[in-house]
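Chain by chain, the residues run as shown.
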Amino acid sequence: MKLRKIWVLPLLLTLVCSVGCGGKADLLHSYEKVVSSMGSLARTSEHKLIGTRTCGSDDYTGAYAATCRQARGKDVVFGGCSLQARRLQVTGSVACQSGFVQLIVKNGSDELWLTPDTNGNISQEITGSGGDWYLSVEYTDFSGSVTLCSAYAE
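Values in this document were obtained by computation on a predicted structure and should not be read as measured data. (Residues numbered from 1 in each chain as written. Predicted model: local features only at pLDDT ≥ 70, side-chain atom pairs only at ≥ 80, totals over all residues. Heavy atoms only, no water.)

Undergrad: Is there a simple way to think about the overall build of the protein chain in this case?
TA: On a plain count of helices and strands, the protein chain comes out with two helices and six strands. Secondary structure of the protein chain in N-to-C order comes out as α-α-β-β-β-β-β-β. Counting all 154 residues of the protein chain, 38% fall into the buried class. Residue pairs at least 24 apart in sequence account for 74% of intrachain contacts in the protein chain once pairs closer than 6 positions are excluded. (Helix = DSSP H or I, 4+ residues; strand = E, 2+ residues; numbered from the N terminus. Buried < 20%, exposed > 50% of the residue type's maximum accessible area, 1.4 Å probe, protein only. Contact = heavy atoms within 4.5 Å.)

This is the structure we're talking about:
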């Protein structure tokens, strides 16, 4: 609830400036910039990541790798907020020695759990509507490795 209140002030300022200074396209562009910048706040900052992230062309794409020993916590690896729908291909692998790891894609209130095949590989195309979209890795006493790659689907 507090995060929603934080969004209101920049959004109102942007709307007031845009309505007075430009047309509908300018208003949508300004709104998209505010929403996008606020969405990046939900991703785990670089220095707090359990793994390492290599950014791609935007906040929705890139690579992630973690080698863990008894890791606990959550890395929100990719994603953000946008008016645009996105179609992404998520690939990677999980090698679990012990513990538990969950790979979750959240798009608004919808959740999609990525499940590795019997060899530990992941390959899934994900279509997300506009709004918030995040790929997270949640660790519970996890020892092993996780690799992920998120790219726009062709």
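Undergrad: How do you make sense of the side chain of Asp75 when you look at a structure like this?
TA: Here Asp75 shows up in strand E2 (residues 62–82). Here Asp75 sits buried without a salt bridge, and the closest side chain of opposite charge, Arg53, lies 7.5 Å off (N-O distance). A distance of 3.1 Å separates a polar side-chain atom of Asp75 from the backbone nitrogen of Gly51. (Lys, Arg positive; Asp, Glu negative; His and termini not counted. Salt bridge = Lys/Arg side-chain N within 4 Å of Asp/Glu carboxyl O. Polar contact = N/O pair within 3.5 Å; in protein donor to acceptor, adjacent residues only side chain to side chain.)

Undergrad: Looking at this structure, I do not really get the packing of aromatic side chains. What am I missing?
TA: Each aromatic ring pair is summarised here by two numbers: the centre-to-centre distance and the angle between the ring planes. In the structure shown here, the tally under the stated rule is two aromatic pairs. Ring centres 5.6 Å apart and planes at 45° place the aromatic pair Tyr139 and Phe142 in the tilted group. Here Tyr139 matches Phe142 in class, with each residue buried. The ring of Tyr60 carries Arg86 above its face, with NZ or CZ at 3.8 Å from the centroid. (Phe/Tyr/Trp six-rings, centres within 6.5 Å; stacked < 30°, edge-to-face > 60°. Lys NZ or Arg CZ within 6 Å of the ring centre and 35° of its normal.)

Undergrad: Explain the side chain of Ser143 here, please?
TA: Position of Ser143 relative to the elements: it lies in strand E6 (residues 131–152). Taking the relative accessible area as the measure of exposure, Ser143 reaches 8% and is therefore buried. At a separation of 2.9 Å, a polar atom in the side chain of Ser143 contacts the main-chain amide nitrogen of Gln70. Each residue touching Ser143, except ones within four places of it in the same chain, is listed here: Cys68, Arg69, Gln70, Ala95, Cys96, Gln97 and Ser98.

Undergrad: Looking at this structure, how should I read the nonpolar core?
TA: A general feature of soluble globular proteins is that nonpolar side chains tend to end up buried together. Grouped together as the largest cluster of nonpolar side chains are 24 residues, with contacts concentrated most on Tyr64, Tyr139, Val146 and Leu148. Residue assignment for this core shows that the elements contributing at least two residues are E2, strand E3 (86–107), strand E5 (121–128) and E6. For this core, the leading source of residues is E6, giving seven residues. Beyond its immediate chain neighbours, meaning those up to four positions away, Leu148 contacts Gly62, Ala63, Tyr64, Val90, Thr91, Gly92, Leu103, Ile122, Leu135 and Val137. (Core = buried A, V, L, I, M, F, W, Y, C linked by side-chain atoms within 4.5 Å.)

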